[in-house]
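# Structural description and commentary
This is what each chain is made of:
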Amino acid sequence: MALALPDLALDYTLRTVALGAMLLGLSSGVVGTYAVLRRESLLGDAMSHAALPGIALAFLLTRSKETAVLLAGAVAAGWLGSLLVNAITRTTRVKLDSALGLILSVFFGFGLVLLTFIQKQPDASQAGLDRFLFGQAASLLRRDVMVMGIGTVAVLLAVLLLWKEFKLLVFDPDFARVLGLRVRLLEVILTSMIVLAIVVGLQTVGVVLMSAMVVAPAAAARQWTDRLGLMVLLSALFGVVAGMTGALVSSLTPRLPTGPTIVLVVSGLVLVSLLFAPNRGLVWNWARERARRGQVRAEGMLRQLAALAEHHGSLEHGHPSAVLRASGWSADQVVQVLHDLESAGYVRQVSADRWAITATGMARVRPATEGDDLSDGAGHPAASRPEGTGEGQS
Amino acid sequence: MGDRQNRTVSAVEVQDLTVAYREQPALWDVDLSVPPGVLLAIVGPNGAGKTTLLKAILGLLRPVAGQVLIFGQPVEQQRRRISYVPQRGSVDWDFPTSVLDVVMMGTYGELGWIRRPGRRERERALAALEQVGMRELSDRQISQLSGGQQQRVFLARALVQDAHIYLMDEPFQGVDALTERAIVTLLQQLRAQGKTVIAVHHDLQTVPEYFDWVMLLNVRRIACGPVAEVFNEHNLRLTYGGRFAMAAFAREVEEAAPAIVTPDRSRSGGGDHGTGAA
């Protein structure tokens with residue numbers, strides 16, 4: 001049944017939903033980069049929750065369910081919320097995280113009260129406002145997508161034009177002010193962009209999950225690159241991919257909600273990025289740590305063999321691997337390390353299980369002058385290469 | 001000598017400056033007048049308001065009272081002539097960007113809105129990196145820098161601005177010997193170009209060697225003037241109070257200071273002497 005080609009009506013819905021989800025991913029991915037780098041990820045959460053009473057009030061005041069009108073209310077409320085957070089942190093001793101939590105819960109609570117009040121009203125015109133709570137992508141109309149598109153374009157334009165300004169603002173705001181940049185104004189613009197990106201996604205993902213769309217793509221993108229430009233692009237890409245995948249998957253599976261599916265997809269991207277990204281990924285770190293440990297082991301082994309060779313005064317004398325065991329090493333590990341060293345030319349296998357250090361290995365462990373000691377004591381021609389001693393003296 | 005007679009306008013003039021954080025004064029009625037071309041060290045114990053003073057001069061803080069003049073004008077009108085080297089720890093070095101990119105930020109002020117740095121800005125940034133011995137690291141991601149390298153990146157960023165006054169917040173804090181030498185050379189170059197440098201400094205021992213002027217600060221201004229005149233045990237005691245446990249060292253500095261600073265005026269051997277004493 002899943003294979004049954006979607007009929008025209010479904011196709012229209014699907015296209016609208018997919019387009020809307022992509023726009024949502026694009027705008028929140030781009031804006032999220034700055035929110036994450038400024039360590040203000042939770043600002044998105046507070047603002048999306050704060051948008052709810054704005055939507056309800058916009059409806060109560062205008063009795064209109066026009067998306068543009070409701071979202072205008074969302075913008076105003078989100079804005080007011082961020083303004084209050086700012087005011088609280090600047091005039092009181094309350095820290096940013098507490099202020100965010102405060103505004104989030106107060107606004108969201110108020111929004112729920114208004115929503116309940118609206119639903120209790122006798123006329124039936126109120127239906128559908130709760131779609132902003134968890135999002136309802138299927139309710140997206142082409143006109144809504146147009147509104148989302150305008151918001152997205154505004155966000156992209158701001159980032160493109162104010163690229164260097166935003167970069168400096170995020171990296172070093174004090175220096176920006178010393179240079180004479182209008183930091184306060186830039187902050188206002190950046191906050192507006194976050195509000196805008198959130199509002200773009202509200203109808204699809206809802207106020208509760210929207211902050212995931214701001215944080216997750218950027219957090220995933222950060223794992224893969226050390227350039228801001230690439231990070232913004234990747235974050236946008238992740239957002240778009242998550243939006244599209246979520247929309248498609250939920251449309252093909254009955255009764256799978258779009259918003260939460262999108263959030264799940266983007267969370268999957270974060271998980272993969274945290275684990276597998278080169279340099280920053282956990283798996284990468286683990287492998288690097290392992291390689292380092294192996295190297296330390298090999299060094300230790302080589303040093304042991306060098307000490308034995310010096311003790312015996314000979315590079316010809318082989319030693320069984322059992323002698324070379326160190327604390328915490330299994331017999332297999334010892335042999336493995338010996339084979340590794342052999343292939344590197346530092347060690348040679350004298351007989352069945354007897355190992356000796358080579359001149360190359362000796363030179364590695366005891367560079368320059370220390371090599372002389374051995375040649376003095378041993379008198380073996382192999383060990384007392386004339387170039388070796390000459391190098392040590394020059 | 002000519003300075004005093006001509007009464008040239010001060011590079012930095014601070015009058016009756018008081019700054020408070022929640023009733024607690026961080027700076028109290030501070031006056032400061034720095035003639036152009038001077039290397040000034042600001043010293044004082046922790047919490048003395050050294051960083052606060054720098055930030056107030058830069059206009060990053062709103063004072064309770066008092067005013068700051070840069071070449072006789074408010075800071076806002078002199079942005080192009082001031083440069084700032086903040087403490088290394090003031091930014092997140094994990095920010096996704098390269099060394100060259102950070103240095104180019106020094107050109108953002110003159111570029112104005114929207115315009116992006118181009119080839120000329122790039123060349124200047126590379127030249128500044130050259131000056132601090134970091135040119136070959138220009139492509140490096142900033143999270144891979146050592147503390148000393150971070151400091152030199154910040155210095156290069158300030159140099160790119162080509163300002164007249166350089167305000168530095170503990171440029172020598174936790175840097176390696178190589179960087180310390182690079183900074184000292186840089187300070188001397190800046191002085192040779194007639195630039196003014198005001199640096200928060202922690203190492204009292206190197207004050208006479210690296211700087212011409214010193215300001216002793218502990219919320220109030222204790223003293224300010226040429227090192228030879230004001231950098232003595234009496235003032236250090238006033239500044240550091242009971243916490244000044246290096247009385248013997250202070251005497252040493254007092255003895256060394258005139259010998260170092262006097263030839264400094266004619267610029268010869270000042271550095272050598274200082275190194276010998278250390």
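Since the structure is predicted, the reported quantities are computational estimates derived from the model, not experimental observations.

Right, let's talk about the overall build of chain A for a bit. If you tally the helices and strands in chain A, you get 16 helices and 3 strands. Per-residue burial over chain A gives 42% buried out of 394 residues. Considering only residue pairs separated by 6 or more positions, chain A has 70% of its internal contacts joining residues 24 or more positions apart.

Our focus in this paragraph is the nonpolar core. Ranked by size, the top nonpolar core spans 168 residues in total, and within it A51 and V266 of chain A together with L40, V103 and V214 of chain B carry the most contacts. The biggest single contributor to this core is helix α9 (residues 183-224) of chain A, with 23 residues. Of all hydrophobic cores here, the second largest spans 16 residues; its members include V337, W355, A356 and A359 of chain A.

This part covers helix α13 (residues 331-343) of chain A. All names here are of chain A. Here α13 spans 19 Å end to end across 13 residues, near enough to the 18 Å set by a 1.5 Å rise per residue. When we look at burial in α13, the residues that qualify are V337, L338 and L341. Viewed along the axis of α13, the buried residues span an arc of 100°, placing them on a single side of the element. Across from the buried face of α13, at angles greater than 90 degrees, the exposed residues are D332 and S343. Looking at the packing, one finds that the buried side of α13 touches α12 (282-312), β2 (347-351) and β3 (354-357). A positive backbone phi angle near 90° is found at G345, which sits one or two residues after α13.

Attention shifts here to the sheet that holds strand β4 (residues 65-70) of chain B. Residue and element names in this part refer to chain B. Reading across from one edge, β2-β1-β4 is the order of the 3 strands in this open sheet, with antiparallel pairing throughout. A single partner strand is all that each edge strand has here, and the edge strands are β2 (24-34) and β4. Going from strand to strand, the sheet's axes swing by 20° on average, the running direction of each strand aside. Sheet topology places strand β1 (residues 12-21) next to β2; 7 bridges connect them, and they run antiparallel. Along β2, the bridge assignment pairs V12 with V34.

This part takes up the confidence of the model for chain B. Residue and element names in this part refer to chain B. Of all residues in chain B, 84% attain a pLDDT of 70 or more, and the chain-wide mean is 85. Counted against residues more than four places away or in other chains, residues 1-6, with its pLDDT under 50, gives 2 contacts. This model gives residues 257-278 a pLDDT under 50, and the stretch forms 26 contacts once residues within four places in sequence are excluded. Of the two predicted TM-score estimates for the complex, the pTM is 0.81 and the ipTM is 0.84.

Residue and element names in this part refer to chain B. Counting buried residues along strand β8 (residues 213-218), 5 of its 6 residues qualify, which places the element largely inside the surrounding structure. Bridge analysis of strand β3 (residues 39-43) against β8 gives 4 bridges, and the strand direction is parallel. Pairing of V43 across the sheet is with L216, part of β8. As paired elements, β8 and strand β9 (residues 220-226) share 6 bridges and run antiparallel to each other. Residue pairing in the sheet places L217 in a bridge with R221 of β9. Hairpin connection of β8 to β9: 1 residue between the antiparallel strands, including V219 at a positive phi of 65°.

Turning next to the interface of chain B and chain A. Listed as interface residues are 18 residues of chain B and, on the opposing side, 21 residues of chain A. Among the elements of the structure, β5 (82-85) and α4 (108-111) of chain B are those that each provide at least two residues to the side of chain B that touches chain A. Tallied by class, the residues present in the side of chain B that touches chain A amount to 12 nonpolar, 4 polar and 2 charged.

Residue and element names in this part refer to chain B. One non-glycine residue, I114, lies in the positive phi region at around 70°. With respect to the helices and strands, I114 occurs in the loop between α4 and α5 (119-131). Even without glycine at this site, D162 takes up a positive phi of about 50°. Its place among the elements puts D162 in the loop between α6 (147-160) and β6 (165-169). Looking at D162, the number of C-beta atoms within 10 Å reads 16, which means it is partly exposed.

Before going further, it helps to spend a moment on helix α4 (residues 96-119) of chain A. Three or four residues apart is the spacing at which side chains of an α-helix point the same way, because the helix has 3.6 residues per turn. Between its terminal C-alpha atoms α4 of chain A stretches 34 Å, which fits the 34 Å expected from 24 residues at 1.5 Å a residue. Of the positions making up α4 of chain A, those classed as buried are A99, L100, I103, L104, F107, F108, G111 and L115 of chain A.

Residue and element names in this part refer to chain B. Along the chain, A41 turns up in strand β3. You can call A41 buried: it has 26 C-beta atoms within 10 Å. Look past the residues within four positions of A41 in its chain and what remains in contact with it is A199, H201, V207, F211 and V214.

For the rest of this paragraph, the subject is the sheet that holds strand β1 (residues 319-320) of chain A. All names here are of chain A. Spatially, 3 strands are ordered β1-β3-β2 in an open sheet, and the strand pairing comes out antiparallel. A single partner strand is all that each edge strand has here, and the edge strands are β1 and β2. Bridge analysis of β2 against β3 gives 4 bridges, and the strand direction is antiparallel. By the bridge assignment, V347 is partnered in β3 with I357. Of the strands in this sheet, β1, β2 and β3 are in contact with α12, which crosses β3 at around 85°.

Rules used in this analysis
Residues numbered from 1 in each chain as written. Chains lettered and ligands numbered in written order. Predicted model: local features only at pLDDT ≥ 70, side-chain atom pairs only at ≥ 80, totals over all residues. Helix = DSSP H or I, 4+ residues; strand = E, 2+ residues; numbered from the N terminus. Buried ≥ 20, exposed ≤ 12 C-beta atoms within 10 Å, placed from the backbone. Contact = placed C-beta atoms within 7 Å. Core = buried A, V, L, I, M, F, W, Y, C linked by C-beta atoms within 7 Å. Expected span 1.5 Å × (residues − 1). Arc of directions from axis to C-beta. Pairing = 2+ DSSP bridges. Axes fitted to C-alpha atoms, helices over the stretch in contact; angles between N-to-C directions. pLDDT = per-residue confidence, 0-100. Nonpolar A, V, L, I, M, F, W, Y, C, P; charged D, E, K, R; others polar.

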